[in-house]
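# Per-entry structural report
The residues making up each chain are set out below.
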Amino acid sequence: MAASVREKQTVALKRMLNFNAPPLKNTAAEPVWKVLIYDRFGQDIISPLLSVKELRDMGITLHLLLHSDRDPIPDVPAIYFVMPTEENIDRICQDLRNQLYESYYLNFISAISRSKLEDIASAALAANAVTQVTKVFDQYLNFITLEDDMFILCNQNKELISYHAINRADIQDTDMEAIMDTIVDSLFCFFVTLGAVPIIRCPRGNAAEMVAVKLDKKLRENLRDARNSLFTGDSMTAGQFSFQRPLFVLVDRNVDMATPLHHTWTYQALIHDVLDFHLNRVVMEEGMGAEPSAGARPKKKSRKTYDLTAADKFWQKHKGSPFPEVAESVQEELDTYRAQEDEVKRLKSIMGLEGEDEGAISMLSDNTAKLTSAVSSLPELLEKKRLIDLHTNVATAVLDHIKSRKLDVYFEFEEKLMSKSTLDKSLLDIISDPDAGTPEDKMRLFLIYYITAQQAPSESDLEQYKKALLDAVCDLSPLNYIKQWKAFTKMAATPANYGNSGVKPMGLFSRVMNTGSQFVMEGVKNLVLKQHNLPVTRILDNLMEMKSHPETDDYRYFDPKMLRGSESSIPRNKNPFQEAIVFVVGGGNYIEYQNLVDYTKSKQGKKIVYGCSELFNASQFIKQLSQLGQK
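Residues numbered from 1 in each chain as written. Predicted model: local features only at pLDDT ≥ 70, side-chain atom pairs only at ≥ 80, totals over all residues. Heavy atoms only, no water.

### So, the sheet that holds strand 2 (residues 60-65)
Judged by pairing direction, the sheet is parallel, and its five strands sit side by side in the order 2-1-3-4-5 without closing on themselves. The open sheet terminates on both sides in strands that have one partner only, identified here as strand 2 and strand 5 (133-138). Neighbour-to-neighbour, the strand axes of the sheet open up by a mean angle of 20 degrees, direction not taken into account. Note that strand 1 (residues 34-38) and strand 3 (residues 73-82) share four bridges and pair parallel. Following the sheet pairing, Val35 is matched in strand 3 by Ala78. Lying on the sheet, helix 4 (residues 86-98) is in contact with strand 3, strand 4 (101-108) and strand 5; it crosses strand 4 at an angle near 165 degrees. (Pairing = 2+ DSSP bridges. Helix = DSSP H or I, 4+ residues; strand = E, 2+ residues; numbered from the N terminus. Axes fitted to C-alpha atoms, helices over the stretch in contact; angles between N-to-C directions. Contact = heavy atoms within 4.5 Å.)

Next comes the structure, spelled out in structure tokens:
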């Protein structure tokens, strides 16, 4: 896979915006001006990949939601990018009747059914607009890429395929089928865009297996139908393809319930945990500062949004770093920026002040060169300044949470629980300490203890913990669910092993402690991570490297390219895989993603992509658990 999924999806979108013709090389030509009409799904797919400026460069003058009031623009072509749902189709038919645009290019995010196509056709006939519907395409882009090596299925109706939806006690078979079909449809789109037919491995007897069976069937049917197969022809040209196919590992969220609740210590995962961060955008309330005087009207909190993009070098470099490192790096960036700024100011003053006397003439000549270079570096400087401000604000907000909730204490304690090392203070102390964290933080800590404990705490101990949790105003319903879950799984007799992760506290921050720093890190521990593999990473490692391990030996094996679907779980090839995609059914998080990224760094030439049905942080996960526990 030379190109990443993100690149491939971006290329597919650009093709679509160019009326499904490959974008022309000679950029001198003026683009055709057009409007883009999308629904919420289309918006979520496009927004992490293309900025408004890039859309404009592609000739998109207006981009509007399908279900908004749109005025007719009679002489402009319109590109639609929508899901083939009933209401969307109705609205498109209405647009045809109202003759809103000159021509219509209909692109469906996921394949449209025959009957719905007929609906559009009859509406076009009735509106006398058949000639204006220029093209109808299935784009197979029904997934959202967030990073070069990370994707999620959807952001709009994610509660329909959430952990809660899959694990409800009262779920009907038909509902379960529908959820699985939704997931499989998106995964199918993912592989069409990737242009590869994977080898599928999954555990037995859970939702992941159901997804695997359906996906295998869908890929198989598409490959059989040689005339219309999406996996042949130009998209599969040998050049972009390594001869080896990717491994696709499906795992179920239930394999590891502790990680999604874990407090974390790396930058990206922390932002996701404590701030409002989705689709690569952070939304922050500003104006949290000093209280206005009694007479003044309280300031309205302004909301600021920041995009953390692939073009942001600082973000790309540090999103996986431990937080203290990030704070130091922001400070360094700030210092170098200030030095550059001072240089420009100094030149200004020399140029301005000594205008008349003799000496100034000679100085001018060598300063002109300096000034020219300073001026040409201005845009770059300003962009740098914008990024520094962005990260200063975001990191400060994160730091406030760490300090007010003692997240460093939680993180260290949970790491010890998960690696079963000796604890330096009792769990009860933290739960009953009124200053440490929110009720939710305490609940997360206790659930991790409960999930990872070798033997469950005795009834009397449990009562004592429950009382402490209730005193801290915790909602105990997640615990009810986790109790049932633990009884039900018994983890196939082995608790998930979290590796011997250790956290070694380093000395206090030397650099950041200096008074000149933006970040006041007093009292926050400087913790550094040791590399260890989380369960999901370990499962992948076993399957990718063909290691024999009781945990993964009875994983099922599907190869959609084999003529007869054989029920063997014996892998055909014995060679380790170079490329793999891990997909967590029931939701994933940035902690696992980061863990896989770190794992990949240690392996030469391997490519790993992480995907999940939805991306939740701990508080969203806890909400789902408590809904499950209230039944």
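### Description of a nonpolar patch on the surface
The grouping of Val375, Leu378 and Leu382 at the surface amounts to a nonpolar patch, some 270 Å² of accessible area in total. Topologically, Val375 is positioned in helix 12 (residues 358-376). What makes Val375 partly exposed here is its relative accessible area of 49%. (Patch = residues over 30% accessible without salt bridge, like charges linked within 9 Å, V, L, I, M, F, W, Y side chains within 5 Å. Areas by Shrake-Rupley, 256 points an atom, 1.4 Å probe, with all protein chains shown as cover. Salt bridge = Lys/Arg side-chain N within 4 Å of Asp/Glu carboxyl O. Buried < 20%, exposed > 50% of the residue type's maximum accessible area, 1.4 Å probe, protein only.)

### Describing empty space enclosed by the protein
Evaluation of the coordinates by the stated rule reveals four cavities of 30 Å³ or more. Estimated volume of the largest cavity: approximately 80 Å³. Around the largest cavity sit 14 residues that line it, and Ala269, Asn589, Ile591, Asn617 and Ala618 are the ones nearest its centre. Among the elements of the structure, helix 9 (267-274) and helix 21 (590-602) are those that each provide at least two residues to the lining of the largest cavity. The leading source of residues in the lining of the largest cavity is helix 9, at three residues. (1 Å grid on protein atoms, 1.4 Å probe; cavity = no way out; pocket = protein on both sides within 12 Å on 5 of 7 lines; lining within 4 Å. Points joined across faces, edges and corners; volume = space filled by probe spheres on them.)

### A word on the packing of aromatic side chains
Enumeration according to the criterion identifies 26 aromatic pairs in this entry. The interplanar angle of 25 degrees and the centroid separation of 5.9 Å between the aromatic rings of Phe151 and Phe583 together place this pair among those described as stacked. Here Phe151 is found in strand 7 (residues 150-152), whereas its partner Phe583 is found in strand 16 (residues 579-585), with 432 residues between them in sequence. Neither residue differs from the other here; Phe151 and Phe583 are each classed as buried. (Phe/Tyr/Trp six-rings, centres within 6.5 Å; stacked < 30°, edge-to-face > 60°.)

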